[in-house]
Amino acid sequence: MTLLETGRVAVSTLRRGTGPRRRGSGPAGYFFVAGYALLLLAFGVFPTCYSFYLALTNDAGQFTGLNQFLKVAQDYRFVPAFTHMLIYLAMWLVVLVVLVVLVAVVLRSRVRPGTSALFRFLYYIPGALAGVASVLVWLFMLDPDVSPVPWLLTSMGMHSFAAVLAPGNLPLILMLIAFWTGAGGWMVVMYGALNNIPDEVLEAARMDGAGPWRTAWHIQIPMIRQWIVYMTIMAFATGTQLFVEPQLLQTASLGRVSPSWSPNQLAYVYAFQQGDFNGAAAISVFLLALGLIAAGLLVARSNLFTLDEK
């Protein structure tokens, strides 16, 4: 059996499972999910329905069809805001997926269990900080006057805080903040997924002559593919909600960063500066549609919720 065949058999075995099938959990299962279901309805489903209502009406409650969507789409700030967000998302998702999976594989394959626990703890620490605190830390790091690494900033031609926050640098800065805050938690998740791969499968790969990297590419990564897709979907959804980081950068830079840099900021401007909640709701529906389309494509292409029957 070749290495690739070993990987396919392993993935199929992991999906099917080897234990006996269990009967339904009965009323207890419904009781445990009831709290989540109520919170989902209160803070997810009902606000979404209300957003659709606002997006399809005007401030007098009259039905206007797609007029709100056309109005915000024709705003000169709409296309730049979504362009900024998409550039940031492309950078964020590529760096997140590649580095998180790479670090998790290295921890699983090359680092002793006791040492890997220390690394996982260190990776997770930044994720314990709230978004506001993370931005404040990075504001300190990115100001050449107070940064502990001013030589690094000046070597890249950034001799002032204003130069660091130039429009072309913002996607990279926001990506670094997001990665520093959120990647550590996903590394822990991916490490746990890799630990679920049976040792017999890895031993079979070694007997077929596979080294660490071939084992990772043909065995480990395919077997945690569904977790990688799940991480990508969640990271995409989080990235579309970008607000706190550019908003604080806009305040700290004394207006050098646009107050409508991201779609969520533009929705904030519509709602709380222009008093146009209907337009803000239309932008939120645009973001919801974008997230649903991306998630649907990833789920369909990866068979995320498909289980092989025995």
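Definitions and limits used
- Residues numbered from 1 in each chain as written.
- Predicted model: local features only at pLDDT ≥ 70, side-chain atom pairs only at ≥ 80, totals over all residues.
- Heavy atoms only, no water.
- Helix = DSSP H or I, 4+ residues; strand = E, 2+ residues; numbered from the N terminus.
- Buried < 20%, exposed > 50% of the residue type's maximum accessible area, 1.4 Å probe, protein only.
- Contact = heavy atoms within 4.5 Å.
- Areas by Shrake-Rupley, 256 points an atom, 1.4 Å probe, with all protein chains shown as cover.
- Phe/Tyr/Trp six-rings, centres within 6.5 Å; stacked < 30°, edge-to-face > 60°.
- Expected span 1.5 Å × (residues − 1).
- Patch = residues over 30% accessible without salt bridge, like charges linked within 9 Å, V, L, I, M, F, W, Y side chains within 5 Å.
- Salt bridge = Lys/Arg side-chain N within 4 Å of Asp/Glu carboxyl O.
- Polar contact = N/O pair within 3.5 Å; in protein donor to acceptor, adjacent residues only side chain to side chain.
- pLDDT = per-residue confidence, 0-100.
- Core = buried A, V, L, I, M, F, W, Y, C linked by side-chain atoms within 4.5 Å.

1. Overview of the overall build of the protein
- Tallying secondary structure elements over the protein gives 15 helices and zero strands in all.
- Taken over 310 residues, the protein has a buried fraction of 36%.
- Considering only intrachain contacts with a sequence separation of at least 6, the fraction spanning at least 24 residues in the protein is 71%.
- Total accessible area computed for the protein in this model is approximately 17900 Å², and 68% of it derives from carbon and sulfur atoms.

2. Some thoughts on the packing of aromatic side chains
- Within this structure, the stated rule accounts for 12 aromatic pairs.
- Geometrically, the ring pair formed by tryptophan 227 and tyrosine 230 is edge-to-face, given 6.2 Å between the ring centres and 90° between the ring planes. Residue tryptophan 227 and its partner tyrosine 230 are located together in helix α12 (residues 225-240), separated by three residues, close to a single helical turn.
- Here the aromatic residues Phe69, Phe78, Phe82 and Phe286 are joined through ring pairs into a cluster of three or more.

3. Considering helix α15 (residues 277-302)
- Counted at 1.5 Å a residue, the expected span for α15 with its 26 residues is 38 Å, and the 37 Å between its end C-alpha atoms agrees.
- Where α15 is concerned, the buried positions are Asn278, Gly279, Ala280, Ala281, Ala282, Ile283, Val285, Leu287, Ala294 and Ser302.
- On the buried face of α15, the contacting elements are α2 (27-55), α3 (67-73), α4 (78-110), α12 and α14 (263-273).
- The first or second residue beyond α15 is asparagine 303, which carries a positive phi of 55°.

4. Some points on the environment of tyrosine 270
- Along the chain, tyrosine 270 falls in helix α14.
- Note on tyrosine 270: relative accessible area 4%, which makes it buried.
- The residues touching tyrosine 270, leaving out its near neighbours within four places in the chain, are Lys71, Val72, Asp75, Arg77, Gly275, Asp276, Gly279, Ala280 and Ile283.

5. Remarks on a nonpolar patch on the surface
- Residues Tyr36, Leu38, Leu40, Leu41, Val45 and Phe46 make up a contiguous nonpolar surface patch of roughly 610 Å² in combined accessible area.
- Turning to its location among the elements, phenylalanine 46 is positioned in helix α2.

6. Comments concerning the side chain of asparagine 58
- Within the secondary structure layout, asparagine 58 lies in the loop between α2 and α3.
- A polar atom in the side chain of asparagine 58 sits 2.9 Å from the backbone nitrogen of glutamine 62.
- Not counting residues within four places of it along the chain, the set of residues in contact with asparagine 58 comprises Thr64, Gln68 and Asn278.

7. Focus: the environment of arginine 256
- Secondary-structure assignment places arginine 256 in the loop between α13 (244-252) and α14.
- The spatial distance from the C-alpha of arginine 256 to the C-alpha of alanine 162 is 7.4 Å, given a sequence separation of 94 residues.

8. A look at the pattern of salt bridges
- One pass over the full model with this rule turns up three salt bridges.
- One salt bridge connects arginine 206 with glutamate 203, and the closest N-O pair in it is separated by 2.8 Å. In this pair, arginine 206 and glutamate 203 are both assigned in helix α10 (residues 199-207), three residues apart and thus about one turn of the helix distant.
- Given a relative accessible area of 36%, glutamate 203 falls into the partly exposed group.

9. Here's the deal with the confidence of the model for the protein
- Per-chain confidence: the protein averages 83 in pLDDT, with 85% of residues scoring 70 or above.
- By mean pLDDT, the top-scoring element of the protein is α3 (95), and the lowest-scoring one is helix α1 (residues 3-16) (53).

10. A few points about the nonpolar core
- Formed by 66 residues in total, the largest nonpolar core has its most connected members in Tyr88, Trp92, Leu96, Val100, Met190 and Leu249.
- In this structure tyrosine 88 touches Pro171, Leu174, Met175, Ala178, Gly239 and Leu242, once residues within four positions along its chain are discounted.

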